[in-house]
Amino acid sequence: MVGFAGKSAVAGCVGFVALLGTPVPSTAVAEQCANPTGTYTAAVPWGQRLIDPVRLWPLSRGTGQLVAVIGTGVDGGNGQFAPGQLLGGQGTEAEDCDGRGTIAAGIVGAQPDPSTTFTGIAPGAKILPIRYTQVNGGGDPGQLAGAIETALNRGAGIILIAVPAASDSPALTGAVSRAREKGALIVSPAAGTQQGQTSYPTATPGVLAVGSTNQAGEAVQTESGAYVGISAPGAELVSTSAGAGGTVAHRWPVSDPSLAAAHVAGVAALVRAYHPGLSPEQVVARLTLTAHRGPSGGHDPRRGWGAIDAYAAVSASIPAGTPGPGGPPSVGPDTFVVPAAAPAPTKADKVSGVLAIAGVALAIAAGVVVAAVRRGKRRGWKPSRFRAS
């Protein structure tokens, strides 16, 4: 690993290492850069169990999808990335002193390996690593806009903002608009952990904003808003580490709200590979319609329309024109298409949910009135679904 110069950059690395809860070894060659905790061999991580990618691989492995990971770069020296999986060339960065980009990329597409129980969600997807910052807490929105433009020019269909900016800019808003025009889905985390914080382009219209939860299903981040679309794991996670030097190596436990977006980007790659031709809006509708609802049955400002259900999102039969939760703009915020995927933790119940979703979709196609459910109606969020065994 080659470190980067500058006190602010070093502060970014040190800040993230402290966030991970594992001190940098004093004997490390690159003293200020992220280093592995080791090779993870314990029980399958809870976030991975929630997504259950192995169950989905007979249907989709994300093959043919290019996921741009925009943040701090991705360390191509980790042995859990396949040869040629991380694309090089103009605008890419195969080094990552900070470590956040490598962790996010591993959640998206790390390969199965017999030496570890950790694996990525979409190992068939290719990854385009783009660095725009090394500063803990986000970077310049103009530079982030340039990174999005680079991803679009390289043909990325899914753009994961691994490190969002703390402020907006006309250039960033314009880059989001161009992504929509080109059919690219931008997935960005609601990463703010202090009251009043807003992440960008997370809050920008047209972006799938992702809230973060822990094993109990509780929101991790403080940031909230009507723009948050869905939630995914963002605490006590395992993923690939920078500084592996060619080995299969990991960091754990990692708690960072930004990593919830990596789970959603991985599932989006599975969805687009299995349903080629879906627009970004159709992918978002599929993800949010099949999400497990919270206690109110409606939208939660920190968890969006609920926790991601990868299997239902990929396998459910939903007509292409079905609107997402909330319906068209003329429909009030308390109205949504009832997703039939029950929030019970068993696989049998998930299968029943998929069948029910198909029935709801057919009803919609036939012109049956969409159910209107008020926030007071409970649909049964079950925190036990998130608990580690």
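This report concerns the structure included in the present document. (Residues numbered from 1 in each chain as written. Predicted model: local features only at pLDDT ≥ 70, side-chain atom pairs only at ≥ 80, totals over all residues. Heavy atoms only, no water.)

## Digging into the state of the cysteines
Cysteine pairs can be linked by a disulfide, which is a covalent bond between their two sulfur atoms. Within the structure shown, the criterion is met by 1 disulfide. Residue pairing for Cys33: its cysteine sulfur links by disulfide to Cys97, the two sulfurs lying 2.2 Å apart. Here the S-S torsion is close to -105 degrees, and the disulfide linking Cys33 with Cys97 is therefore left-handed. Placement of the pair is Cys33 in the loop between helix H1 (7–20) and helix H2 (46–51) and Cys97 in the loop between strand S1 (66–71) and helix H4 (100–109), with a sequence separation of 64 residues. (Disulfide = S-S within 2.5 Å. Helix = DSSP H or I, 4+ residues; strand = E, 2+ residues; numbered from the N terminus.)

## So, the packing of aromatic side chains
Taken as a whole and judged by the stated rule, the model has 1 aromatic pair. Considering the side-chain rings of Tyr40 and Trp252, the 5.1 Å spacing of their centres and the 80 degrees angle between planes classify their relative orientation as edge-to-face. Taken as a pair, Tyr40 in the loop between H1 and H2 and Trp252 in strand S8 (residues 250–254) lie far apart in primary sequence, 212 residues in all. Taking the ring centre of Tyr311 as reference, the NZ or CZ of Arg55 above it sits at 3.7 Å. The ring of Trp57 is capped by Arg61, whose NZ or CZ atom sits 4.8 Å from the centre of that ring. (Phe/Tyr/Trp six-rings, centres within 6.5 Å; stacked < 30°, edge-to-face > 60°. Lys NZ or Arg CZ within 6 Å of the ring centre and 35° of its normal.)

## Digging into helix H5 (residues 141–153)
The first and last C-alpha atoms of H5 sit 18 Å apart over 13 residues, in line with the 18 Å expected at 1.5 Å per residue. Buried residues along H5 sit against S1, strand S2 (126–131), strand S3 (158–161), helix H6 (170–181) and strand S4 (185–189). The opening residue of H5 is Asp140, an N-cap whose side-chain oxygen sits 3.0 Å from the backbone nitrogen of Gly142. (Expected span 1.5 Å × (residues − 1). Contact = heavy atoms within 4.5 Å. Polar contact = N/O pair within 3.5 Å; in protein donor to acceptor, adjacent residues only side chain to side chain.)

## As for the pairing of S3
Residues Ile158 and Leu160 line one face of S3 and the alternating positions Ile159 and Ile161 line the opposite face, and both faces are buried. Of the pairings in the sheet, the one linking S1 to S3 comprises 4 bridges and is parallel in character. Note on S3: the bridge partner recorded for Ile70 is Ile161. Both S3 and S4 contribute to a ladder of 3 bridges, which runs parallel. Bridge assignment links Ile158 to a residue of S4, and that residue is Leu185. In this view, the connection linking S3 to its parallel neighbour S4 by way of H6 has right-handed handedness. (Buried < 20%, exposed > 50% of the residue type's maximum accessible area, 1.4 Å probe, protein only. Pairing = 2+ DSSP bridges. Right-handed = clockwise from strand over helix to strand, strands pointing away.)

Any link to function would need more than the numbers given here.
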